[in-house]
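# Observations on the model geometry
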Amino acid sequence: MLPAIVGLALVAPSGASADLPPASWTFDGRITSAAVTPDATYVAGTFTKQQARTGGGLIVPVVGDGRPEPAFDATVNGRVRDAVPDGAGGWYIAGTFDRVAGVTRRNLAHVRADRTVDPAWTPDAEEFRASHIARLGDQLFVTDARGVGLARLDARTGARLDAGRLTSGQATDLVAGDGRVFATGEIERTDGVRGGLAEIDPATGRITFPAAQAAGGEVRGGIVSGHVLYLFGRFTSFGGLPRNGLAALDLRTDTVTDWDPQLGTKGSVTAVAANGRAVYVGGDFERVGDVDRAGVAALDPGTGRATAWNPRLPPLDITTLAATDDRVYFAVRSLFGVPDGGAIDARTAGSTGWSPQPNGVIDVFSPAGSEVYVGGAFTGAGPRVGSIANVARVLPDGTLDTDWDPKANGPVAAVAASGPTVYLSGFFSKLGGVDRERLGAVDASSGAVTGWTPHISDTPRHIAATPTAVVIAGPFDLVNSGRSIGIAALDPATGESKPWDVEFKRAGDEVQQLQAVGSTVWVRGFLGQMGPTGSDNEGLVALDTQTGTITPWGHDLHTGTVLAVAATPTTAYLVRQHQGLWAIDLTARTMARFGPDVTGADDGITGLAVDGSSLYLSGDFSGLGGQPRRGLGAVGLLSGATTPWAPAQSVSTSEHPFRDGPDLFGAGAGRIAVGGGTYAIDGRPTGIFADLHDPLVPEPPADRTAPRVAITYPARDQRLAATDDPTPRYTCTDEPGGSGVRTCDAARSCESPSSCTTTVSTADRAGNERIVSQPYVVDVPAPAGPAPEPPSPSVYPDLSGFFPALRPGGPAPVRPAPAAADPRPAIGAALDRTLGSAAKGLAGLRHGRGAATLAVTSPRAGRLRVTVDVVQGRRKTAAARASVALGTSRRVVRLTARRPARSALRKGRSVRLAVGLELRTPDGYVVRRTRTVVVR
């Protein structure tokens, strides 16, 4: 038996965290993979649409079509199971979450009328996953998600009051009204007597049991209307009288009334609501008395007979009902498991056209005045922002590229990008209408299908791309008509099989991750026998895609089971089962513990990624190195110390995610691709995705003539330094013994000397790490003498990981990169001309569903983003959006009026529009122009 009351303690909000960016998206399915490139992030999974992220709670106006308020920002990053009005325009909410509107709140919160979280109401219910909440005056009563704990709170302060106990059983609902509070469910008192209904004394918290109890079934919940408590569930009698699924208790006499709707011997009720005029019920029944009513009915509160109200819904599983004088709000799951919800006219039973369109299950409607709080297990709601299936492209600024759509006709299991090509594997048979069975490739910019056409006997679950090979892994044994068990390498241009001396030797070997670093692919999983010798491998191997062999980096290192891996050319970082984070020096072939202590579950780190001078971690943890980091954090590659990067709690959902903690899909160019998701009650997953940014990694500078950088190689006990000394003593080359012009960008060669950026990790005397990124061109002489000894992994585990080689040389001449003409003035002038004539082109937006056009000409190619908003005082309503590829020839951009703005566009003789144009060029320039225009 469990403790009587779960304690609630005051807790201060966390100050070192930031919520997900507003431009993060939620998908109506699972996210399985993502690939980060400097130009975009490619997201793969099992989804058909994208919506703006709302979280598990919405405040929706009663009028209109039910879509969430555009400015609503009280996002809940988990599930809202119950909500009650506070009497002042706000709500108390209960569920399984840890942040509301970016503020730390564990499972209970008070959202005020102004949409802010009450800073003074701070009960900590971390171990008390709130399920049901009821308000009676200045008191709140809360049960936990298991239904075995009960708390009584001061509604004004959140302080815990003395309360009684639920000694055993499970409470399924809390009901308050007429000055009394009840709990329903299988509740057992100290003398062993168990009943379906218990009363909680609002003054003392003492638990008592009314004499009238259900028999032969379960009481699931109830509502109070006037002086009557209506109870529902699956029972055959109540208080000694025959009652099938519904009963009414007179609270003045505590006796069962004559009210008996007679649902039939198999009647079962799952939801009840009342508005004084009728009692609305939903459940598993076909008749009410002698009247046909399939699953939903309105009952006379005096006689119990069915009224003429009959919405004639299809066969549905109604989970939630709420009623006002004008409307009946309902949430359902259909026979096909698809959740939905809406509102029906309480008098005519006609549709109101009101539906929030969540991507998961609705648990509660809580009407209050002109608004209703909608809570449940969902991550997004409202109209879709995109209808791209199974693979999508997110731009660096967080916007969804709605023009990029490879049209995969089945789930995409994995995605990888290399150069101008994106490679896909999954359960599809067509891409862009072209036959592509299980494998295919599309253009990274346009999404057009390429001629890459390998053939395979089963679907690869993982894919990694290098400049020399595309490596796939999965339960196949034939690739391009040749034997290849479990793993294979393909030509990145033709799809033909490459000479490959690696395969699994037995069935059941399982790859869990592929990661490409240069020409090496790291393979993690339960690998067993692999390779020509048939020798046993543990949880991690590295494959050389140029030679088709297993590299000899660690046959003498016993890694055991590996839970995650990320690597640079010189260092591999891995999480070993039950042993935490380790670093392997690939040159010395030594392995050592790395990084700070992790607070949280054993084996709490489940994801790793490297970018700049940081190693990013995800998983089921709450702290790194003594600093709060919930599910996401980073450590410096030089020091192993926790960095300030703390996107914190938003991605980690309290409802069971796909893995323990947020998914970390990769990092690059200062962006970190993360995701998470919630399984809805009916098994439908919903996924959150966001490109997070690390301010410690600056974006590449637009100025290509930035100052020169000198790199000083440190001694064993020194740190790396960067100065503006024009004569570098050690330079970066991309091949040993090279001569002439050799340039590099981190571990990757530049396309041309004029666009090279070398990233150097530095630290000040206090040990604070930072990044210096400077473009320059170096004439590298032949190296003089042997290379210096690499630093110890325990001190600098991957110091040279950003450079293919750091070699000594004499004074080398440094040529500043040639200054290029700044194209921004000319681009800006072209955008200004477009805005000057925008009024005429945008006039078409005013005509109902009409479309508008903008003719744009730019001296430079790039991606153009267009935004149009209706301006009404200080309020702006999104009227149209577009994102298109723009060349140097004239391009006509077509815009369609968005539904929320159509009524505003049609009002008055003229409408003010705020028009924004943003052009991003491939070489990193960004030009923005905005103007307010008037259309008539």
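Since the structure is predicted, the reported quantities are computational estimates derived from the model, not experimental observations.

### Regarding the overall build of the protein chain
A count of helical and extended segments in the protein chain gives 3 helices and 80 strands. A total of 936 residues make up the protein chain; the buried ones form 55% of that total. In the protein chain, the proportion of contacts linking residues at least 24 apart, taken out of those at least 6 apart, comes to 50%. For the protein chain, the accessible surface area stands at approximately 37,700 Å², while carbon and sulfur atoms represent 49% of it.

### Let's talk about the sheet that holds strand β22 (residues 218–225)
Strand order across the open sheet formed by 4 strands is β22-β23-β26-β27, with antiparallel pairing between neighbours. At either end of the open sheet lies a strand with only one pairing partner, and these are β22 and β27 (255–256).

### Thoughts on the side chain of Thr399
Residue position: Thr399 is located in the loop between β38 (391–394) and β39 (412–418). Judged by its relative accessible area of 10%, Thr399 is buried. If we ignore the near neighbours within four places in the chain, the residues touching Thr399 are Trp25, Arg393, Val394 and Arg865.

### As for the environment of Leu919
Topologically, Leu919 is positioned in strand β79 (residues 911–920). On the accessibility criterion, Leu919 (0% relative accessible area) is buried. A sequence separation of 59 residues divides Leu919 from Arg860, and the C-alpha atoms of the two residues are 9.1 Å apart. Leu919 has contacts with Ile827, Leu831, Ser858, Arg860, Gly862, Arg863, Leu864, Leu886, Tyr925, Val926 and Val927, leaving out every residue within four places of it along the chain.

### A closer look at the pattern of salt bridges
Inspection of every chain in the model, using the stated rule, returns 23 salt bridges. Sharing partners across several salt bridges, the network here consists of Arg277, Asp325, Asp326 and Arg347.

### A word on the confidence of the model for the protein chain
Confidence along the protein chain averages 76 in pLDDT terms, with 75% of residues attaining 70 or more. Overall, residues 679–683 carries pLDDT values under 50, and its contacts beyond four positions in sequence, including any with other chains, amount to 16 contacts. When the criterion is pLDDT under 50, residues 698–819 qualifies, and its contacts beyond four places in sequence or with other chains add up to 240 contacts.

### Description of the packing of aromatic side chains
Within this structure, the stated rule accounts for 14 aromatic pairs. On the basis of an interplanar angle of 45° and a centroid distance of 5.7 Å, the ring pair of Trp91 and Tyr373 is categorised as tilted. Placement of Trp91 in strand β8 (residues 91–96) and of Tyr373 in strand β37 (residues 371–377) is noted, with a sequence separation of 282 residues between them. By relative accessible area, Trp91 is classed as buried at 1%. Overall, the relative accessible area of 1% leaves Tyr373 in the buried class. Three or more aromatic residues link up through ring pairs in this structure, and these residues are Tyr329, Trp354 and Phe365.

### Examining the side chain of Arg327
Along the chain, Arg327 falls in strand β34 (residues 327–334). We note that Arg327 is buried and unpaired, the nearest opposite charge coming from Asp326 at a distance of 6.8 Å. There is a polar contact of 2.8 Å between the side chain of Arg327 and the backbone oxygen of Val62.

### Details of the nonpolar core
In terms of nonpolar packing, the biggest core is built from 32 residues, with Leu842, Leu864, Val866, Val868, Leu895 and Leu913 touching the most fellow members. Those residues in contact with Leu842 that sit more than four places away from it in its chain are Ala852, Thr853, Leu854, Val868, Leu895, Leu913, Val915, Val933 and Val935.

### Re the sheet that holds strand β36 (residues 361–368)
Judged by pairing direction, the sheet is antiparallel, and its 3 strands sit side by side in the order β6-β37-β36 without closing on themselves. With partners counted over all chains shown, the strands left at the sheet margins are β6 (57–61) and β36, one partner each. Direction aside, the axes of adjacent strands within the sheet are offset by 25° on average. Across 7 bridges, the pairing between β36 and β37 is antiparallel. Note that in β37 the partner of Val364 across the bridge is Gly375.

### Observations regarding helix α3 (residues 899–906)
Those residues of α3 that fall on the buried side of the exposure criterion are Ala901, Arg902, Ala904 and Leu905. Of the surrounding elements, those touching the buried residues of α3 are β76 (862–872), β77 (875–886) and β79. Gly908 sits one or two residues past α3 and shows a positive phi near 75°.

### Structural notes on the pairing of strand β53 (residues 540–544)
Consecutive residues of a regular strand have side chains that alternate between opposite faces of the sheet. The element β53 is largely enclosed, with a buried count of 5 among its 5 residues. Side-chain alternation along β53 places Leu540, Ala542 and Asp544 on one buried face and Val541 and Leu543 on a second face that is also buried. As judged from the 5 bridges shared by strand β50 (residues 520–526) and β53, these two strands associate in the antiparallel manner. For Trp522, the partnering residue across the bridge sits in β53 and is Ala542. Linking two consecutive strands that pair antiparallel, namely β53 and strand β54 (residues 549–550), is a turn of 4 residues; a positive phi of about 70° is found at Gly548 within it.

### Some remarks on the pairing of strand β29 (residues 279–284)
The element β29 is extensively covered by neighbouring structure, given that 5 of its 6 residues are classed as buried. Here strand β28 (residues 268–274) runs beside β29; their pairing, made up of 6 bridges, is antiparallel. From the neighbouring strand, Ala273 faces β29, where its bridge partner is Tyr280. The turn joining β28 and β29, which pair antiparallel and follow one another in sequence, is formed by 4 residues; a positive phi near 90° is taken by Gly276. Where β29 meets strand β32 (residues 296–299), 4 bridges bridge the pair, whose relative direction is antiparallel.

The rules behind each value
- Residues numbered from 1 in each chain as written.
- Predicted model: local features only at pLDDT ≥ 70, side-chain atom pairs only at ≥ 80, totals over all residues.
- Heavy atoms only, no water.
- Helix = DSSP H or I, 4+ residues; strand = E, 2+ residues; numbered from the N terminus.
- Buried < 20%, exposed > 50% of the residue type's maximum accessible area, 1.4 Å probe, protein only.
- Contact = heavy atoms within 4.5 Å.
- Areas by Shrake-Rupley, 256 points an atom, 1.4 Å probe, with all protein chains shown as cover.
- Pairing = 2+ DSSP bridges.
- Salt bridge = Lys/Arg side-chain N within 4 Å of Asp/Glu carboxyl O.
- pLDDT = per-residue confidence, 0-100.
- Phe/Tyr/Trp six-rings, centres within 6.5 Å; stacked < 30°, edge-to-face > 60°.
- Lys, Arg positive; Asp, Glu negative; His and termini not counted.
- Polar contact = N/O pair within 3.5 Å; in protein donor to acceptor, adjacent residues only side chain to side chain.
- Core = buried A, V, L, I, M, F, W, Y, C linked by side-chain atoms within 4.5 Å.
- Axes fitted to C-alpha atoms, helices over the stretch in contact; angles between N-to-C directions.

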